[in-house]
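The lines below spell out each chain.
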Amino acid sequence: MTNRLSPELTLTGSYEKCWKKINNHWWLYKKENNNEKFSELFAYQIAELLDIDTVKYELDDGYIRCENLASIYNFEPMASLCDDDDSYQRVFDTLYKISESIAVSYLKLMTFDIIINNVDRHNENCGLLRDKKTGRIISLTPNFDNNLSLLSVDPELTNKDGFLLVFKKFLVNHPIAYDLYQKIHLPCLDEKMIKNILDKYSKVISL
């Protein structure tokens, strides 16, 4: 396998974005409104508290930025394995055939999406990290791209309980996924944790 640039160095998607190289590191800058900026930052902090592997997001000169998640490994989107079928069953079954631990990481990520009401977890926003030289699968891609969650989502257009019910139905009808999910124990969030994140970002983003 040739050592080529990851597809993550492309600029697909519906938001204005660009890459900047700073101190020999590539950073992705994205233009978002204030609600989307807040959601991106808040979701990143929640993911860290829940021990969900995640890309770090930060503000820089009014833009949201993150380091290239494929700087060490290549990013392979789930679309290359499942096309546009992003149903829980199709993605889980595909990942389970590869690795049980990666399938568990996927279940944790889907739980996180329900918590933050993330409506944008399609097969380009989830995938695998591969060794650039050998192609060996390393892990599920860290969580990224959560600007269409939390405050940025019109409550008239989505329903968090809808995500929960569909995910519950999948688990009930999939014994392997259900058994693995029963063994997942995420850290508890409390009011103080949430307030600390709110205070941190309300000072720099006007909502």
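Since the model is a prediction, treat every value here as computed from it, not as a measurement.

Chemist: Help me understand helix α3 (residues 88–98) in this model?
Modeler: Note on helix geometry: an α-helix contains 3.6 residues per turn, so any two residues three or four positions apart are oriented the same way. Of all the residues in α3, the buried ones are Y88, V91, F92, T94 and L95. Projected down its long axis, α3 carries its buried residues within an arc of 165°, all on one side.

Chemist: Just checking my understanding: could you explain the pairing of strand β2 (residues 25–30) for this structure?
Modeler: On any regular strand, side chains alternate: one points to one face of the sheet, the next to the other face. Summarising the sheet, strand β1 (residues 17–22) and β2 pair through 6 bridges and their orientation is antiparallel. Bridge pairing in β2 places W19 opposite L28. In sequence, β1 turns back onto β2 through a hairpin of 2 residues, with N23 there showing a positive phi of about 50°.

Chemist: Could you clarify how one ought to interpret the sheet that holds β1 in this entry?
Modeler: Strands pair in a sheet through their backbones, by hydrogen bonds, and they do so in one of two ways: parallel or antiparallel. Read across the open sheet, the 4 strands follow the order β1-β2-β4-β3; overall the sheet is antiparallel. Of all the strands in the sheet, just β1 and β3 (58–60) have a single pairing partner and so form its edges. Neighbouring strand axes in the sheet, compared pairwise and without regard to direction, differ in orientation by 40° on average.

Chemist: Where do I start with the sheet that holds strand β5 (residues 74–77) in this structure?
Modeler: Overall, antiparallel pairing links the 3 strands, which are arranged β5-β6-β7 in an open sheet. Every other strand in the sheet has two partners, leaving β5 and β7 (137–140) as the edge strands with one partner each. Taken over all neighbouring pairs, the strand axes of this sheet differ in orientation by 30° on average, direction set aside. With 4 bridges joining them, β5 and strand β6 (residues 127–130) adopt antiparallel strand pairing. Looking across to β6, one finds that E76 is bridged to L128. Across the sheet, helix α4 (residues 100–116) lies against β6 and β7, angled at about 25° from β7, the strand it touches most.

What counts and how
Residues numbered from 1 in each chain as written. Predicted model: local features only at pLDDT ≥ 70, side-chain atom pairs only at ≥ 80, totals over all residues. Heavy atoms only, no water. Buried < 20%, exposed > 50% of the residue type's maximum accessible area, 1.4 Å probe, protein only. Helix = DSSP H or I, 4+ residues; strand = E, 2+ residues; numbered from the N terminus. Arc of directions from axis to C-beta. Pairing = 2+ DSSP bridges. Axes fitted to C-alpha atoms, helices over the stretch in contact; angles between N-to-C directions. Contact = heavy atoms within 4.5 Å.

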